[in-house]
Amino acid sequence: MRLLLVGYNDSVLTALDDGDTSVVVLEERDLWEAKGLAAKAARHPFVEVVFGRYQQDDQFLDVVAGLTGVDAVAPGLEYAVAAAARAAEALGLPGAGARAATALRDKLTLREVTTAAGMPGPRFAEVRSAADVAAFAGGGPCVLKPSGRQASLGVLLLDAGADVEAAWAATTGADEGNQLARRPMSWRYLVEERLRGPEFSTECLVVGGRVVFLNATAKRTSAGPAPVEVGHVVPAEPADDWREPVSDLVRAVGFDTGILHAEWVRTAEGPRLVECAGRPPGDRIVDLVDLAYRTNLTRHWVDSLAGRPIDPPATASRAAAIAFITADPGTVLSVDGVEDATALPGVERVDVLRKAGDTLADLRSSWDRVGSAIAVGDTPAEADARARAAVAAVRVEVKAQH
């Protein structure tokens, strides 16, 4: 099989290492160089790269038109979802569908589409200034977010009486460095009512508009105004408890084939959609699914995009959890305890992304975390406790900035 992967994703490539798949990665030249992706791609001998502009640009379609022998198209990154859907349509291959991908890439459009389809959700509005936010909130709580960014970047939970001017400046000024190509981008913003209740995500494989695999993940977020995810547990509860709202979502956006990662709040009135992505989940949730279900979710996903039959497991045989390592802002002096953490019962891996000399910012997005620990257990509670114990064993010493 020959896969066109729009946007470099090392986890996807690793999951395909032992299969029969060769991969053409279509990437922005800016990002390829800024992220040092050539060295990473060299670890995967079945990979070739072509360059094209797909972030808020149509130039990639010229590149796609010159490719031959492609059997499947997949998005490797959030900012590649719409481009991958359009590339699949151009090549006559299965995919999300351009209409669905457009809705999934823009939180405001997604609200409009799901509301029109009758799915219950919070009151929302597009905003263009702090004054718009204040008028919507009326002095009460709300959520302010960019409509098309990723990794919780710029998302703020505002309490009643919050400083709306400061929040607007923080959201519109949010920066993610080398995640974006170096050219002007345009963004929209929206404000919503606050949803209250436990938070979950669902991960499903869809083939021809039919849900063929479904998992529910429980998640924890950081305290404070920026709801950054700090832990996940798989499976959270029986997947069938989520089949109706997930199926409603698939129908509402007209999603055809691929993977959907949706985030929800279970309110007193029932599950309410927060947002949904037409790509594999981040935060190593795919790894958790693979461990808990003893499967290869990425392989099933890519096979479905190639029109191959898939038979993913219906239930998990154990539980898996991830907990994220965080630290106060400042300069990292040392990171210790990783070997001790890795040796704890049930711990599968401990990853540290920061080193001495690095600067840590306030925890405002997923990019501000230090690392993570993954563990398995017989029950969700056991897996979660083991992952948290591993994180507690890692010591990050930071010199505060003044």
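This section reports on the structure supplied with the text. Only a predicted model underlies this, so the values are computations on that prediction, with no experimental measurement involved.

## Here's the deal with the pattern of salt bridges
By the definition in use, this model includes 34 salt bridges. One salt bridge connects Asp58 with Arg86, and the closest N-O pair in it is separated by 2.6 Å. One end of the pair, Asp58, is in the loop between strand S3 (47-51) and helix H4 (60-65); the other, Arg86, is in helix H5 (residues 81-91), with 28 residues separating them in the sequence. With a shortest N-O distance of 3.4 Å, Asp358 and Lys355 are connected by a salt bridge. Among the residues examined, Asp358 registers a relative accessible area of 18% and is labelled buried. Where salt bridges share partners, they join Asp20, Arg299, Asp303 and Arg308 into one cluster.

## Structural notes on unusual backbone geometry
The omega torsion across Val234 and Pro235 is -10 degrees, close enough to zero to call that bond cis. The topology assignment puts Pro235 in the loop between strand S11 (229-234) and helix H10 (243-253). Unusually for a residue other than glycine, Gln56 sits at a positive phi of about 50 degrees. Among the secondary structure elements, Gln56 is positioned in the loop between S3 and H4. Overall, Gln56 belongs to the partly exposed group, its relative accessible area being 44%.

Thresholds, definitions, all that
Residues numbered from 1 in each chain as written. Predicted model: local features only at pLDDT ≥ 70, side-chain atom pairs only at ≥ 80, totals over all residues. Heavy atoms only, no water. Salt bridge = Lys/Arg side-chain N within 4 Å of Asp/Glu carboxyl O. Helix = DSSP H or I, 4+ residues; strand = E, 2+ residues; numbered from the N terminus. Buried < 20%, exposed > 50% of the residue type's maximum accessible area, 1.4 Å probe, protein only.

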